[in-house]
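# Per-entry structural report
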Amino acid sequence: MHPASINTTRSYNDCVGQWIWERTRPEMVVSMVNCGLHLVIQTSSLPEKNKVEFKLSKDTSSFPGRLLQHDLERNYSSRQGDHVNLVSSSMPSFPILQRSSEEKILYSDRLTLERQKLTVCPIIDGEEHLRLLNFQHNFITRIQNISNLQRLIFLDLYDNQIEEISGLSTLRSLRVLLLGKNRIRKISNLENLKSLDVLDLHGNQITKIENVSHLCDLRVLNLARNLLSHVDNLNGLDSLTELNLRHNQISFVRDVDNLPCLQRLFLSFNNISSFENVSCLADSSSLSDITFDGNPIAQESWYKHTILQNMMQLRQLDMKRVTEEERRMASVVAKKEEEKKRESHKQSLLKEKKRLTINNVARKWDLQQNRVANIPTNQDRKDPDSPSQDPCPVNGSTISAFPEETGPLDSGLISALQGLSVTDTHLVEVDGDTLSLYGSGALESLDRNWSVQTAGMVTTVSFTFIEFDEIVQVLPKLKIKFPNSLHLKFKETNLVTLQQFNALAQLRRIDQLTIDPQGNPVVNFTLWKYYVLFRLSHFSMQKINGTEVTQNDMIMAERLFGILAHVASSELPQYRMISILGDARKKQFQYLLEPKGKKPGIISEENNDSKRLVGENTNRATLNYTTRDFYNEKLEEVKEKKKFCKMYIEDLVKEATEINMKNEALQKLWPQMFIELVRDAVIEIRNKNSYMKLCLQQITDQK
Amino acid sequence: MLSPERLALPDYEYLAQRHVLTYMEDAVCQLLENKEDISQYGIARFFTEYFNSVCQGTHILFREFSFIQATPHNRASFLRAFWRCFRTVGKNGDLLTMKEYHCLLQLLCPDFPLELTQKAARIVLMDDATDCLMSFSDFLFAFQIQFYYSEFLESVAAIYQDLLSGKNPNTVIVPTSSSGQHRQRPALGEASMLEGVEASLFYQCLENLCDRHKYSCPPPALVKEVLSNVQRLTFYGFLVALSKHHGINQALGALPDKGDLMHDPAMDEELERLLVQVPGLVNSVTASSEASCLPSRTPSRVASPWRPLHHSRKVDVESDGSTEETDESET
């Protein structure tokens, strides 16, 4: 793409040796159009060595100042290619190289043997002053016969068939070693090349980075297109500024923080899937340019802000300048992420707490229900229900992106959980539109001041591990506090009899009823559903236990229990009606008492009015439910009255029978008494004269 | 001269024995319970209504068990109420478990004891106290016997056990000659081969029991009829026979004959009317269901099995105060 040429000046004594080249690899052209390398080696610190200056012809200025590296590929211009004669040497396989003296004078410091179909290195004689040697595009399998070129600075063996690095031990001045596109499996035999500045090993079969720790002057290392699976062993590369690792199979990177000068790191097209695996990058203060494109990690939504958040020093990411805006965004997102994580931690903590509490409540319930024997099995039974049986793996996965926090978080969670140690005997939970109550203690929560919003939102109320009789007592509260509750769920509530359903009739509205068979034996009855439909018909329920209520169900319910309602409403004596229906309802039934003589049909028509009022079919109202305790209490209360009544009646009857008896006795005596009286009277007045005398005497006596 | 005591006692006893006192007590108790409300519409009205409901048998609806079982009339009324209210369940053909029947009973009497229902189920299931399904009529007739005669059956059970173990039922005075003979038999171990007890001996004991039992017993003649058909029988066999005996059912007078058990045209009519009112019901459905019910409505045929029971008559009589004539016939 960018034809480059190298000029070699003859002023090797310049303290500044500079060479620049640029190349592109043909196969990279499409995707990496503006990738080129502008490599500068400045070795002014070591003057005695710096006698070379390679200058790149400036037609590459389309990328001024842009330093980028991928696969080093040198593109020497062969225009000024050496005119060389390769003469077969006396030794069998090595050709001997000879140059004309003219050539020698013209290019005394360099030799290009490009595309010469060489299979071996020729013996180069009389060229000890050579600084640059180019064997590009040959078929050389082994580096040989150059050990005498001890002043060599630049050795290019790009595109050969070399299998092992060797024969370089005498080239102590070598600064640039290009071994790209060969067959090297192992980095080795570089021990003496202490001045090496650029090492290009791209396009080989190297599986690991080794034997480079002594290259303290190395600035550029290219290991692109090799078989590396990870990056480490980077100690000692104190001058390394650019490391190219594109197109390997790297899944994790270590030691990068040991490279004090590293500025550019190319990790494109590898196998990095999480930031955790490259976390050492965050500790490198010098790194300013990095690429991750073509890695799994780059696909993640959190990729960019995670990288930016963790590597504040970065100036370029994936060839693009990092703006302040982006950095700000990243930190915002990271903050959010952090919050989310904390939230999820809290959530899982709550979840676990909930699970433990429920287990505890369940245990209590089982004890209460005398099901002590099978507690362990009960727990087994409960566990699959709970979402996070083992909290650790769950948390591990959710926060995997932040490994450094995994430890404290996990242990924090565990310690928090241990802190719970489950003494709670009940649990109240509002989740969306569902209010869940576990354990009888939870019923007290209905006394709480619920916010209007929450109260309005709750449409489903679920009761678990609570005696139904206890629930009955709070139903009026429920009606007031959660006016919108439409769906009631009962699980483990000891629903045993049909009449218990009567209690639900007092609610404002029920659309759905779910009675879990677990702990509610009533569900085993064939008639329970119909009874519910019948008794709660004023709600026009839509679903029972998740099944849609059909019209046939309604008819069936009426068919089965309609007569019961009829009997209850039309045949119940008035005084019973009054005592069954509480004072509150009495008024509504006042009219029901009056038309007793009328036909029942009329009654039920009139009931429609009250239906609107009470929301309940009046002929069903007498079917109510009082909890067992309350009922017994009432019976106890009545017992006293009964006792009194018994005594009262006894006295009354005794009195009555006594009166009756006296009366009868009187009746028996009376005729005789009457006769006696008459007889006495007759006897008295028999002697008229003496009687008259007597009477007169009495009159005079009175005066 | 008659002493006041001698005159008073028969009256009082009579009233107590005829359960008049029970109803009077209950009436006053009810009055006390709701005195404010009742005083609003008149105490005389209340008493009229109360004793009317006693006559009609509606006074037991939703009452406590102690009251329901207090008098034979209450028991019969309860049986009848149960039949009327849940006849439709039987008509639907559902087979239910003991527990479910118990629930139905509890709908009418909230504190109805499970024990009684269990015992009734045992009669149906011949002592297999498992949770088997029973038909409505089987259960109802068994329940009738168990509920109405529960005290009698308890005594019978005791007698049966005594007989079975070879003891002479101690309270029963049986002619020594015959009892001595029979007593030996089960003791010899024959009972293990022949299940149950000998019918004739059993009857002798029962007859004796009936004579002195103060609770209601089935008519001895009918018991004899039941026992005369077999040589030996078990306790539950006896109960099953009792429950299936329609003469006893008639004598009890609470339920119709088995054949007519599903017929109650007045109530069916009522039900049809109610069905029309089912919210959101499409008319066609009602029409068809009505049509299907029509054949069963043959009002003339079904004579109401509900004869006025003598107890309810007594209640009326009580107000006259002249009780002497009936007194003898009842004791």
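Residues numbered from 1 in each chain as written. Chains lettered and ligands numbered in written order. Predicted model: local features only at pLDDT ≥ 70, side-chain atom pairs only at ≥ 80, totals over all residues. Heavy atoms only, no water.

As a further point, take helix α10 (residues 551-571) of chain A. All names here are of chain A. In this model α10 runs 28 Å from its N-terminal to its C-terminal C-alpha over 21 residues, within 8% of the 30 Å that 1.5 Å per residue would give. Helix geometry: α10 is bent most strongly at phenylalanine 561, by close to 50°. Burial analysis of α10 places 17 of its 21 residues in the buried class, the great majority of the element. (Helix = DSSP H or I, 4+ residues; strand = E, 2+ residues; numbered from the N terminus. Expected span 1.5 Å × (residues − 1). Bend = angle between axes of the 7 residues up to and from the residue. Buried < 20%, exposed > 50% of the residue type's maximum accessible area, 1.4 Å probe, protein only.)

Here seven strands make up an open sheet; going across it, the order is β19-β20-β21-β22-β23-β24-β25 (chain A) and the pairing mixed. Among the strands making up the open sheet, the edge pair consists of β19 (427-431) and β25 (547-548) of chain A. (Pairing = 2+ DSSP bridges.)

So, about the pairing of strand β21 (residues 460-464) of chain A. Residues and elements named next belong to chain A. Within β21, five of the five residues are buried, which leaves it mostly tucked inside the rest of the structure. Side chains Thr460, Ser462 and Thr464 of β21 all project onto a buried face; the interleaved residues Val461 and Phe463 project onto the opposite face, where all are buried too. Pairing between strand β20 (residues 434-438) and β21: five bridges, direction parallel. Pairing of serine 436 across the sheet is with serine 462, part of β21. Following the backbone out of β20, through helix α7 (residues 452-457) and into the adjacent parallel β21, one traces a crossover that is right-handed. Of the pairings in the sheet, the one linking β21 to strand β22 (residues 487-491) comprises five bridges and is parallel in character. Following the sheet pairing, threonine 460 is matched in β22 by histidine 487. Where the polypeptide runs from β21 across helix α8 (residues 468-481) and back to β22, its parallel neighbour, the crossover connection is right-handed. (Right-handed = clockwise from strand over helix to strand, strands pointing away.)

In this section: the sheet that holds strand β15 (residues 264-266) of chain A. Residue and element names in this part refer to chain A. If you trace the eleven strands from one edge of the open sheet to the other, you get β5-β7-β8-β9-β10-β11-β13-β15-β16-β17-β18, paired in mixed fashion. Edge positions in the sheet fall to β5 (110-112) and β18 (320-321), since each of these pairs with one other strand and no more. Two strands pair when backbone bridges link them, and strand β8 (residues 154-156) and strand β9 (residues 176-178) are joined in this way by three bridges, in the parallel orientation. Within β9, the residue paired with aspartate 156 across the bridge is leucine 178.

This brings us to the confidence of the model for chain A. It should be kept in mind that the predicted coordinates are not to be read in detail where pLDDT is low. All names here are of chain A. Per-residue pLDDT for chain A averages 75, and the proportion of residues at 70 or more is 74%. Predicted confidence is poor over residues 417-422, with pLDDT under 50, and the contacts of this stretch with residues over four places away or in other chains come to nine contacts. Scored below 50 in pLDDT, residues 586-615 makes 34 contacts in the model with residues more than four places away or belonging to other chains. (pLDDT = per-residue confidence, 0-100. Contact = heavy atoms within 4.5 Å.)

Within the structure shown, the criterion is met by 32 salt bridges over all chains. Where Arg328(A) meets Glu325(A), a salt bridge forms, and the shortest distance between an N and an O atom there is 2.8 Å. Placement of both Arg328(A) and Glu325(A) in helix α3 (residues 324-368) is noted, with a separation of three residues, approximately one turn of the helix. Put simply, Glu338(A) and Lys341(A) hold a salt bridge, and the shortest N to O gap is 3.4 Å. Of this pair, Glu338(A) and Lys341(A) both sit in helix α3, three residues apart, roughly one helical turn. Residue classification places Glu338(A) among the partly exposed residues on the basis of a relative accessible area of 24%. Bridged by salt links that share partners, the residues Lys642(A), Asp26(B), Arg63(B) and Glu64(B) form one connected network. (Salt bridge = Lys/Arg side-chain N within 4 Å of Asp/Glu carboxyl O.)

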